[in-house]
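Observations on the three-dimensional arrangement
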Amino acid sequence: MTTARGALSAAEREAAAAEIDGPGTDEKDWHAARLPDRLPHLDLPEGPVVVVAAHPDDEVLGLGGTMAALVGAGAAVHTICLTDGEASHGDADTKARDTLAALRRRELTAALHELGPLPTPLHTGFPDMALDRYEDEATAVIAGLLSETDARLCLAPWDGDLHSDHEAAGRAARRACRATGTTLWSFPVWTWHWARPDDPRVPWRRAGVLPLTPVAMGRKRAALARFASQLEARGPGVPPVLPPDELAHHTRAFETVIR
């Protein structure tokens, strides 16, 4: 195990968690911001493409519609999931976490089948909520897949997303892309929750949108429905990870990347 330079302190983790767990921005505010009218529209990229996720569902939440469109256009799309998301239900014993990890892997496989189908994802099994301690290893794995597939583009979580695992995945992907000469596009996930339109923390000048066809949108919605563990209550009185108001951010008629 190696500790990356981007590892977060306890205070930084607490501050980021407070933003993510706090009241989110209503999707009506994002709709009123009219991002598709303000940001450049990007053409569907050519493959091969490697999609990086910190947890099962990140890739579908961020760019599931684009992934479906890529597959529909005949592009090769490869996915890598760096953790199994076993910590999504909070503190639990090892057996419960292992059970949830296995479930989330099955959910991801089913979701990717809805998008394409897509090949079985590469799972690395790094610890959920501790990915920043394994950035060097994650970088090496991503770089290896980029080289193996001769990828022209890598899609990965934005390294400013505030979730420590998302940021670690983004940093690892950036380093891997630099090492292999691969273009990187980053996608926000939790940003839509904690940020607001014109938020100065978001590099809007580097952002662009990828419009989705009704077919791609339908495939994305079907894929998202496969993540029952994240859509259902985690226990008595415990809301789901992805309640309807959060899911609304990820079912727009477009997706956003930062280049």
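Quick note: structure is the one above.
Residues numbered from 1 in each chain as written. Predicted model: local features only at pLDDT ≥ 70, side-chain atom pairs only at ≥ 80, totals over all residues. Heavy atoms only, no water.

Helices and strands together make up the secondary structure of the chain, namely eleven helices and seven strands. A compact globule built from 259 residues would reach a C-alpha radius of gyration of about 18 Å, and the chain, at 17 Å, matches this within 12%. In terms of overall dimensions, the chain has a C-alpha envelope of 45 × 40 × 35 Å along the principal axes. Of all 259 residues assigned to the chain, the portion counted as buried reaches 53%. Of the contacts formed within the chain by residues at least 6 apart in sequence, a portion of 83% connects residues at least 24 apart. Charge separation in the chain, taken as the distance between the mean sites of 27 positive and 37 negative side-chain charges, equals 3 Å. (Helix = DSSP H or I, 4+ residues; strand = E, 2+ residues; numbered from the N terminus. Rg over C-alpha atoms; globule rule 2.2 N^0.38 Å. Buried < 20%, exposed > 50% of the residue type's maximum accessible area, 1.4 Å probe, protein only. Contact = heavy atoms within 4.5 Å. Lys, Arg positive; Asp, Glu negative; His and termini not counted. Charge placed at Lys NZ, Arg CZ, Asp CG, Glu CD.)

Tallying each qualifying case throughout the model produces two cavities of 30 Å³ or more. There is about 100 Å³ of room inside the largest cavity. Contributing to the lining of the largest cavity are 13 residues, with Gly62, Trp192, His249, Phe254 and Glu255 lying nearest its centre. Among the secondary structure elements, those contributing two or more residues to the lining of the largest cavity are helix H4 (58–72) and strand E7 (254–258). (1 Å grid on protein atoms, 1.4 Å probe; cavity = no way out; pocket = protein on both sides within 12 Å on 5 of 7 lines; lining within 4 Å. Points joined across faces, edges and corners; volume = space filled by probe spheres on them.)

Evaluation of the coordinates by the stated rule reveals five aromatic pairs. Judged by centre distance (4.9 Å) and plane angle (90°), the rings of Trp30 and Trp192 are edge-to-face. Taken together, the residues span a long stretch of sequence, with Trp30 in helix H2 (residues 27–33) and Trp192 in helix H8 (residues 191–194) at a distance of 162 residues. Taken as a pair, Trp30 and Trp192 share a single burial class, namely buried. Centre to centre, the rings of Trp192 and Trp204 are 6.5 Å apart; their planes meet at 45°, and the pair counts as tilted. Of the two residues, Trp192 sits in helix H8 while Trp204 sits in the loop between H8 and strand E6 (207–211), which places them twelve residues apart along the sequence. We classify Trp204 as buried; its relative accessible area is 17%. Taken together, Trp30, Trp192 and Trp204 form an aromatic cluster joined through their ring pairs. The ring of Trp192 is capped by Arg252, whose NZ or CZ atom sits 4.2 Å from the centre of that ring. (Phe/Tyr/Trp six-rings, centres within 6.5 Å; stacked < 30°, edge-to-face > 60°. Lys NZ or Arg CZ within 6 Å of the ring centre and 35° of its normal.)

Scanning the entire structure with this criterion turns up 13 salt bridges. The salt bridge involving Arg171 is made with Glu135; its shortest N-O contact spans 2.5 Å. One end of the pair, Arg171, is in helix H7 (residues 164–180); the other, Glu135, is in helix H6 (residues 135–149), with 36 residues separating them in the sequence. Classification of Arg171 as buried rests on a relative accessible area of 19%. Overall, the relative accessible area of 3% leaves Glu135 in the buried class. A salt bridge links Arg175 to Asp136, with the shortest nitrogen-to-oxygen separation between them at 2.9 Å. Taken together, the residues span a long stretch of sequence, with Arg175 in helix H7 and Asp136 in helix H6 at a distance of 39 residues. Since its relative accessible area comes to 31%, Arg175 is described here as partly exposed. With a relative accessible area of 30%, Asp136 lands in the partly exposed category. (Salt bridge = Lys/Arg side-chain N within 4 Å of Asp/Glu carboxyl O.)

Attention now goes to the packing of H6 against H7. Two numbers describe how H6 lies on H7: the axes approach to 8 Å, and their chain directions differ by 50°. Relative to H7, the element H6 is oriented oblique. Handedness of the H6/H7 crossing: right-handed. Within the contact between the two elements, H6 uses Glu135, Asp136, Ala138, Thr139, Ile142, Ala143, Leu146 and Ser147 and H7 uses Ala168, Ala169, Arg171, Ala172, Ala173, Arg175, Ala176, Cys177 and Thr180. (Axes fitted to C-alpha atoms, helices over the stretch in contact; angles between N-to-C directions. Parallel < 35°, antiparallel > 145°, perpendicular 65-115°, else oblique. Left-handed = near helix turned anticlockwise from the far one by under 90°.)

Among the residues of helix H9 (residues 214–224), those classed as buried are Ala216, Met217, Lys220, Ala223 and Leu224. One side of H9 carries all its buried residues, which in axial view fall inside an arc of 125°. Opposite the packed face of H9, turned more than 90 degrees from it, sit the exposed residues Pro214 and Val215. Looking at the buried residues of H9, the elements they touch are H4, helix H5 (94–115), helix H10 (228–231), helix H11 (244–247) and E7. (Arc of directions from axis to C-beta.)

With that settled, consider the pairing of strand E5 (residues 183–187). E5 sits mainly inside the fold: four of its five residues count as buried. When strand E4 (residues 153–157) meets E5, the two strands line up parallel, connected through five bridges. What sits directly across from Cys154, in E5, is Leu184. (Pairing = 2+ DSSP bridges.)

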